[in-house]
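The lines below spell out each chain.
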Amino acid sequence: MDARSQLVAALGDAMQRYQRSVQAYDDAVGRALDLGPADLRCLDWLVDGPKTAGTLATATGLRPAATTALIDRLEARGLVERVRDESDRRRVLVRMTDEGSRSTYAMYAPLVAEGQELFDGVTDAQLRVMAGLLERMREMTERHAERLRTT
């Protein structure tokens, strides 16, 4: 194996270890908040704004009835709420409540703060390259996930 192939393989190994550590941290957050993996994934999807139950079903990999039960469970705990879509009042969206945002952010804030320090000394150009690579990797992963769902 040439030097570049070894470097790419080492990077792949590092990314796999990182992915495992993120999963382990998410599992610990779930235990601390008494939330299951699908509950936590649902809240993660709601961080950037309200979503339909259908979008959350796809995101969590749950069937519609199980998604409704998940939303009911999170709503009963005060972490999410159902609201009418402002642009189409017939449509109902699920959004995270202030309590949901506070409780989840409290778990991730230390990682965010310390993680930002990891970028000290990294140039803007390097950050742009990293962001572009991560975006292409996300697109690739989503494409392959869709392939698996449809076969």
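Use the structure listed above.
Keep in mind that this is a model prediction, so the values were computed, not measured.

(A) Summary view of the overall build of the chain. Counting its regular elements, the chain contains six helices and two strands. Reported as C-alpha extents along the three principal axes, the dimensions of the chain are approximately 55 × 40 × 30 Å. Relative to its 151 residues, the chain shows a buried fraction of 22%. Put simply, of all contacts in the chain between residues at least 6 apart along the chain, 42% involve residues at least 24 apart. A total accessible area of about 11000 Å² is found for the chain, and carbon and sulfur atoms account for 57% of it. Once the 22 positive and 24 negative side-chain charges of the chain are each reduced to a mean point, those two points are 6 Å apart.

(B) Structural detail: the environment of Val29. By secondary structure assignment, the location of Val29 is in helix 1 (residues 3-33). Val29 sits in the buried class, given a relative accessible area of 2%. Through-space distance from the C-alpha of Val29 to that of Ala59 is 19 Å; in sequence the pair is 30 residues apart. Once you skip the residues sitting within four places of it in the chain, Val29 turns out to touch Leu40, Met107 and Tyr108.

(C) Looking closely at the packing of helix 2 (residues 37-46) against helix 3 (residues 53-60). Direction vectors running N to C along helix 2 and helix 3 enclose 125°, while the axes themselves pass 9 Å from each other. Between helix 2 and helix 3, the crossing angle belongs to the class labelled oblique. Relative to helix 3, the crossing made by helix 2 is right-handed. Facing Ala38, Arg41, Cys42, Trp45 and Leu46 of helix 2, the residues of helix 3 in contact are Leu56, Ala59 and Thr60. Taken together, the residues that form the contact of helix 2 with helix 3 break down as six nonpolar, one polar and one charged.

(D) Representation of the side chain of Thr60 within the structure. Tracing the sequence through the fold places Thr60 in helix 3. In terms of polar contacts, Thr60 uses its side chain to reach the backbone carbonyl oxygen of Ala57, at 3.4 Å. Dropping the residues within four chain positions of it, Thr60 is found in contact with Ala38, Arg41, Cys42 and Thr67.

(E) How the structure looks around the pattern of salt bridges. Considering all chains together, one arrives at 13 salt bridges under this definition. We note a salt bridge from Asp48 to Lys51, for which the minimum N-O separation is 2.6 Å. Two residues, Asp85 and Arg91, come together in a salt bridge whose shortest N-O distance is 2.8 Å.

Thresholds applied
- Residues numbered from 1 in each chain as written.
- Predicted model: local features only at pLDDT ≥ 70, side-chain atom pairs only at ≥ 80, totals over all residues.
- Heavy atoms only, no water.
- Helix = DSSP H or I, 4+ residues; strand = E, 2+ residues; numbered from the N terminus.
- Buried < 20%, exposed > 50% of the residue type's maximum accessible area, 1.4 Å probe, protein only.
- Contact = heavy atoms within 4.5 Å.
- Areas by Shrake-Rupley, 256 points an atom, 1.4 Å probe, with all protein chains shown as cover.
- Lys, Arg positive; Asp, Glu negative; His and termini not counted.
- Charge placed at Lys NZ, Arg CZ, Asp CG, Glu CD.
- Axes fitted to C-alpha atoms, helices over the stretch in contact; angles between N-to-C directions.
- Parallel < 35°, antiparallel > 145°, perpendicular 65-115°, else oblique.
- Left-handed = near helix turned anticlockwise from the far one by under 90°.
- Nonpolar A, V, L, I, M, F, W, Y, C, P; charged D, E, K, R; others polar.
- Polar contact = N/O pair within 3.5 Å; in protein donor to acceptor, adjacent residues only side chain to side chain.
- Salt bridge = Lys/Arg side-chain N within 4 Å of Asp/Glu carboxyl O.

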